[in-house]
Each structure stands twice: as structure tokens, then as C-alpha cells.
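# What the coordinates show
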Amino acid sequence: MTRICPKCSYVRKPTDEAPEWQCPSCQVAYIKASGEPVPASYGRYGTPVVKSGSPFSTVLKWLIVLAVLGAAVYMGKPLWTGGKTANVVVPSAQPAVTLYATEWCGYCAAARQLFEANGIEYTELDVEKTSAGYEGHKKLGGNGVPLIVVDDKVIHGFDERTLRTTLKPWFKQS
């Protein structure tokens, strides 16, 4: 089939290297189905060019998109915080702290110093000098000192991290 360019009347030759949809002479693109040249409202490859509206409408569209996005972020905030509230309620009364210790133990001395430096009230029972200390120590499964009881939580040995975590609300803020 011989194709003739409607714009420049060029007759396409079999040796032309231009694509079938383009005139080799004037480079006009044809609509593939009808063989007519592509109107000026079409782009380079025969696709329609969409003209944008006024700059005001473009800005308005972006403002609407940003407003919707902002509303989504604001409304979704409880979802990413896990529904947790920022208010933390600190119990007012410090739990009972009992220290089963000896006079000569260095870790017992470190526990005493930690409690005193941070304003933690505690009761000390010497496991060598008092029967209440010895019996309580054995009842709790103690096989060494210090043995620290915070309410019902038993801490074997001196573990400052555990003590700070357990008693955090009652430690002095430094």
C-alpha cells in the first residue's frame, strides 16, 4: 500500500527508514488507523495533549490535596501511637523495700548507698545477726547477699538497672 503525506504530498518509498506512522520528508506523525496527519492538539507520538487549567485551579487542587493529607495525619495519630495517652500516673506511695544483707558485703553497701542517694526508704535485715533476717532470707530462697525485695518482687544480688527500673518513679530526679 502506498502512503502519501497529506501535508507535503510525499509518496512513501519502500526504502524509507522512517517509521510507518511518520512522513520521511516532513516528519509529520499520522493517526495510525486512518493515515491522516495527527492534529496539532496531539503530542509527538499521537497521544492527545491535555491542557492544564489556570494556575489558580492548579494551586487550589494542591491545597485541597494537602488539606486532605493533613486531616488524615491528624485523624490517624491515635493509630500510630497505639492509643496510649501521654499522661503517666505515678503511684504516690513507695512500695516496701527490704534489704537482706550483711555488714561486710560490698554489694550490700552499694545497695545501701544507692537507696540513700536516691531517697528510697528501705528496711535492712542482717542475715547474720537477726533471726528474722536469717529466716526471711532462707524463706525467699536466698543463697547469697544482698537479697532485695520490692513489694513482691525478689531481686537476687545487686542489680542496679533492675532496681532503677523497678523504683524509677520514686528515685530522685538528678
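Up top you'll find the structure we're talking about.
Calculation notes
Residues numbered from 1 in each chain as written. Predicted model: local features only at pLDDT ≥ 70, side-chain atom pairs only at ≥ 80, totals over all residues. Heavy atoms only, no water. Helix = DSSP H or I, 4+ residues; strand = E, 2+ residues; numbered from the N terminus. Buried < 20%, exposed > 50% of the residue type's maximum accessible area, 1.4 Å probe, protein only. Contact = heavy atoms within 4.5 Å. Salt bridge = Lys/Arg side-chain N within 4 Å of Asp/Glu carboxyl O. Core = buried A, V, L, I, M, F, W, Y, C linked by side-chain atoms within 4.5 Å.

### Comments concerning the environment of Gly157
Here Gly157 shows up in the loop between β4 (153-156) and α4 (160-166). Note on Gly157: relative accessible area 22%, which makes it partly exposed. Along the primary structure Gly157 and Cys108 are separated by 49 residues, whereas in three dimensions their C-alpha atoms are 8.5 Å apart. Sequence-distant contacts of Gly157, that is, excluding residues within four places in its chain, are made with Pro146 and Ile148.

### Quick look at the pattern of salt bridges
Within the structure shown, the criterion is met by three salt bridges. For the salt bridge of Glu103 with Lys129, the shortest nitrogen-to-oxygen distance reads 1.9 Å. Of the two residues, Glu103 is situated in the loop between β1 (97-101) and α2 (106-117) and Lys129 in the loop between β2 (123-126) and α3 (131-139); the sequence distance between them amounts to 26 residues. Judged on exposure class, the residue Glu103 and its partner Lys129 are both exposed. Ionic pairing is found between Arg164 and Glu160, a salt bridge with its closest N-O pair at 3.0 Å. Linking Arg164 with Glu160, this pair stays in helix α4, spanning four residues, or about one helical turn.

### Quick notes on the nonpolar core
Counting residues in each nonpolar core, the largest one holds 16 residues, and the members touching the most others are Val97, Phe115, Ile120, Ile148, Val150, Leu163 and Leu167. Mapped by element, the contributors of at least two residues to this core are β1, α2 and β3 (147-150). Per-element accounting of this core gives the leading share, four residues, to α2. If we ignore the near neighbours within four places in the chain, the residues touching Ile148 are Val97, Thr98, Leu99, Ala111, Phe115, Lys153, Val154, Ile155, Gly157 and Leu163.

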